[in-house]
Each structure stands twice: as C-alpha cells, then as structure tokens.
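Structural description and commentary
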Amino acid sequence: MAIFRRIATIVAVGTAILVTGGCGEKTENSAATAAKQAPMPLFQGEARPFVASPDRPPLPALSITDKDGQPVDLAAFKGKALLINLWATWCAPCIREMPALDRLQADMGGDRFQVLAISVDRGGLNEVGPFFEKAGIKSLPIYLDQKMTSMKAFPLKEGLPLSILVDAEGREVGRLAGAAHWDGAEAKALIGWVMR
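Each value, and the rule that gives it
- Sequence positions are assigned chain by chain, starting from 1 and proceeding in written order.
- Local features in this predicted model are restricted to residues of pLDDT 70 or higher, and side-chain atom pairs are both shown and tallied only at a pLDDT of 80 or more, whereas totals for entire chains, interfaces and linings draw on every residue.
- Excluding hydrogens and water, the side-chain figures rest on all heavy atoms present in the structure.
- Take a side-chain nitrogen of Lys or Arg and a carboxyl oxygen of Asp or Glu: if they are within 4 Å of each other, that pair is a salt bridge.
- Counting from the N terminus, the helices are DSSP H or I runs at least four residues long and the strands are E runs at least two residues long.
- Buried residues are those whose accessible area, probed at 1.4 Å on protein chains only, stays under 20% of the maximum for their type, while exposed residues exceed 50% and partly exposed ones sit between those limits.
- Think of a polar contact as two N or O atoms within 3.5 Å of one another; within protein, one of them needs to be a possible hydrogen donor and the other a possible acceptor, and neighboring residues in sequence only count if both atoms come from side chains.
- A pair of aromatic rings is counted whenever rings of Phe, Tyr or Trp (Trp by its six-membered ring) have centres within 6.5 Å, and the orientation is called stacked for planes under 30 degrees apart, edge-to-face for over 60 and tilted otherwise.
- When DSSP finds two or more bridges between two strands, those strands count as paired.
- Here the axes come from fitting lines to C-alpha atoms, over the contacting stretch only for helices, and the angles between their N-to-C directions go from 0 to 180 degrees.
- Should an angle fall under 35 degrees it is taken as roughly parallel, and over 145 as roughly antiparallel, whereas 65 to 115 is taken as roughly perpendicular and any remaining angle as oblique.
- Here a crossing is called left-handed whenever its near helix is offset anticlockwise from the far helix by less than a right angle, and right-handed whenever the offset is clockwise.
- Contacts: residue pairs with any heavy atoms within 4.5 Å of one another.
- Three classes are used, and their members are as follows: Ala, Val, Leu, Ile, Met, Phe, Trp, Tyr, Cys and Pro are nonpolar, Asp, Glu, Lys and Arg are charged, and the others, Gly among them, are polar.
- pLDDT measures how confident the predictor is about each residue, on a scale from 0 to 100.
- Among buried residues, the Ala, Val, Leu, Ile, Met, Phe, Trp, Tyr and Cys ones that are joined through side-chain atoms within 4.5 Å form a nonpolar core.
- We call a crossover right-handed when, viewed with the strands running away from us, the connection from the first strand over the helix to the second turns clockwise.

This paragraph deals with the pattern of salt bridges. Within this structure, the stated rule accounts for 8 salt bridges. Of the charged contacts, one joins aspartate 183 and arginine 103 as a salt bridge, the two residues approaching to 2.6 Å between their closest N and O atoms. Taken together, the residues span a long stretch of sequence, with aspartate 183 in the loop between strand E8 (172–177) and helix H6 (185–195) and arginine 103 in helix H3 (residues 92–108) at a distance of 80 residues. What makes arginine 103 partly exposed here is its relative accessible area of 41%. Counted as one network, the salt bridges with shared partners bring together Arg56, Asp167, Glu169 and Arg171.

Looking at the element boundaries, aspartate 102 is found in helix H3. Engagement of the side chain of aspartate 102 in a polar contact is seen with the backbone nitrogen of leucine 140, the distance being 3.0 Å.

All right, on to the packing of aromatic side chains then. As enumerated under the stated definition, the model contains 5 aromatic pairs in all. Taken together, the ring pairs connect Trp87, Phe131 and Phe132 into an aromatic cluster.

On to the sheet that holds strand E2 (residues 63–66). Strand order in this open sheet of 8 strands is E1-E8-E7-E4-E5-E6-E2-E3, and the pairing throughout is mixed. Taken across any chain shown, the strands that pair with only one partner, and hence form the sheet edges, are strand E1 (51–52) and strand E3 (71–73). One ladder, built from 3 bridges, connects E2 with E3; its direction is antiparallel. Directly across from isoleucine 64, in E3, lies its bridge partner valine 72.

Time to look at the packing of H3 against H6. Working note: a packed helix pair is described by the angle between its axes plus the distance between those axes. Packing of H3 against H6 leaves a shortest axis separation of 12 Å and a crossing angle of 45°. One element, H3, and the other, H6, form an angle in the oblique class. The two elements H3 and H6 meet at a crossing, and its hand is right-handed. Contact residues: H3 offers Leu104, Asp107 and Met108, while H6 offers Lys188, Ile191, Gly192 and Met195. Across the contact of H3 with H6, the residue classes tally to 4 nonpolar, 1 polar and 2 charged.

Residues at a pLDDT of 70 or more form 82% of the protein chain, whose mean pLDDT is 87. Under a pLDDT of 50 for its full length, residues 1–35 has, in the predicted model, 5 contacts with residues more than four places off or in other chains.

Ranked by size, the top nonpolar core spans 52 residues in total, and within it Ile84, Phe154 and Trp182 carry the most contacts. Secondary-structure elements contributing two or more residues to this core are strand E4 (81–87), H3, strand E5 (113–119), helix H4 (125–135), strand E6 (143–144), strand E7 (162–166), E8 and H6. The contacts of phenylalanine 154, once residues within four sequence positions are left out, are Leu59, Pro60, Leu62, Leu74, Ile84, Leu86, Leu162, Ile164 and Arg175.

Before going further, it helps to examine the pairing of E5. Burial runs high along E5: 7 of the 7 residues are buried. Examined bridge by bridge, E4 and E5 share 7 bridges and lie parallel to one another. By the bridge assignment for E5, leucine 82 is matched with glutamine 114. Of the crossover connections in this fold, the one passing from E5 over H4 to the parallel E6 is right-handed.

Those residues of H6 that fall on the buried side of the exposure criterion are Ala187, Leu190, Ile191, Trp193, Val194 and Met195. Against E4, H3, E5, E7 and E8 lie the buried residues of H6.

Mapping threonine 89 onto the fold places it in the loop between E4 and H3. Here threonine 89 falls in the buried class, since its relative accessible area comes to 19%. One polar contact links threonine 89 to aspartate 121, side chain to side chain, over a distance of 2.6 Å.

Below you can see the structure in the form of structure tokens.
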C-alpha cells in the first residue's frame, strides 16, 4: 500500500510541475508575449500603402558606394533594421520625401536602425552633394549607385522612390512605392514593430 501512495504522490507532484510551467523556469509576462505577437501596423504612403512581404526574402547581394567612392556591401548592415530608399534628385516625389527620411534618421537612427537612402543619379556626388546641402539634409549619409544596379536588385513597378523595410536578419519585411511621411507616428510604429 505504501508503494502505491508514493507512486501517487510522485505522479501528483509531476503533474503540478507540468501545469505550473516547469521546474522554476521563468515564463514571459503576457505583455511581452502580446508585443511579440502583435500584428504588423498599417502604414499608408501618399499614394500607396506599405505592402508586407509574407515570405521575407533575404536581401539581394548589392554593392553601392559611399560619398568617398568606397564600396559598401548591403551585408555590412546585417544586425540593424534598415529602411532602404531608392531615390534620385530628378524625381519630384523623392525630393519631397527626403526631409522626412532625414528626420527619421535623426530620431531613430543608431545601433539598431538606419535609413539607407541610395541615390541612383548618374552624376553621383556631383548631383547629390549640392542637393543635400540645399535641402539641409544633415543626418543621412550619402550612398550612391551610379550604375543603377539597385533598381535591378529591387525591381521597380511604380517608379521612384521605392522604400524597402528590412529586419535585423537582412530579410525584406515589405515595401512602399512612392513618397511617404516616414517621420510620422504611423511610420515609426511600423519601424518599431520591426525592431521589437
């Protein structure tokens, strides 16, 4: 009889441990769990919405140059969420959008996030440098793609500008064709969701 009581006690204790979550393991609080499971915030550009990429494709291999003409590989940014923006000085919506991207970089840019504005101007720094100075762009680094290889890597259907949001693992979260208010609360909520 004593053996049966011991077995029953062991079974009861084991069941209690399973029901309460294990042997002293910490469980995430419900707020943290809810944050991880929260749906992607919606974001609307001036003419089109942000469209999620459900299969989260990896970034294509792409090399651009910095303002000094040094090559920069997109893979160098892995570990940061990115907002890649393809633009040109001859593109009116791009010009309208650039100050908002500059403010976004000033507000959120750092170790975990960066705006990567890539100019596809054939004139390179000779066109982009004066534009940045005239427009008062101070927070965005200059990145150039005079060969326009980025437009092949990220095919354009609606033209410039094109913004691609990328997670810290280097996977495309989604994209928005056309200009947007990237410094607004809705855009920052979307970027914050990607950085969570």
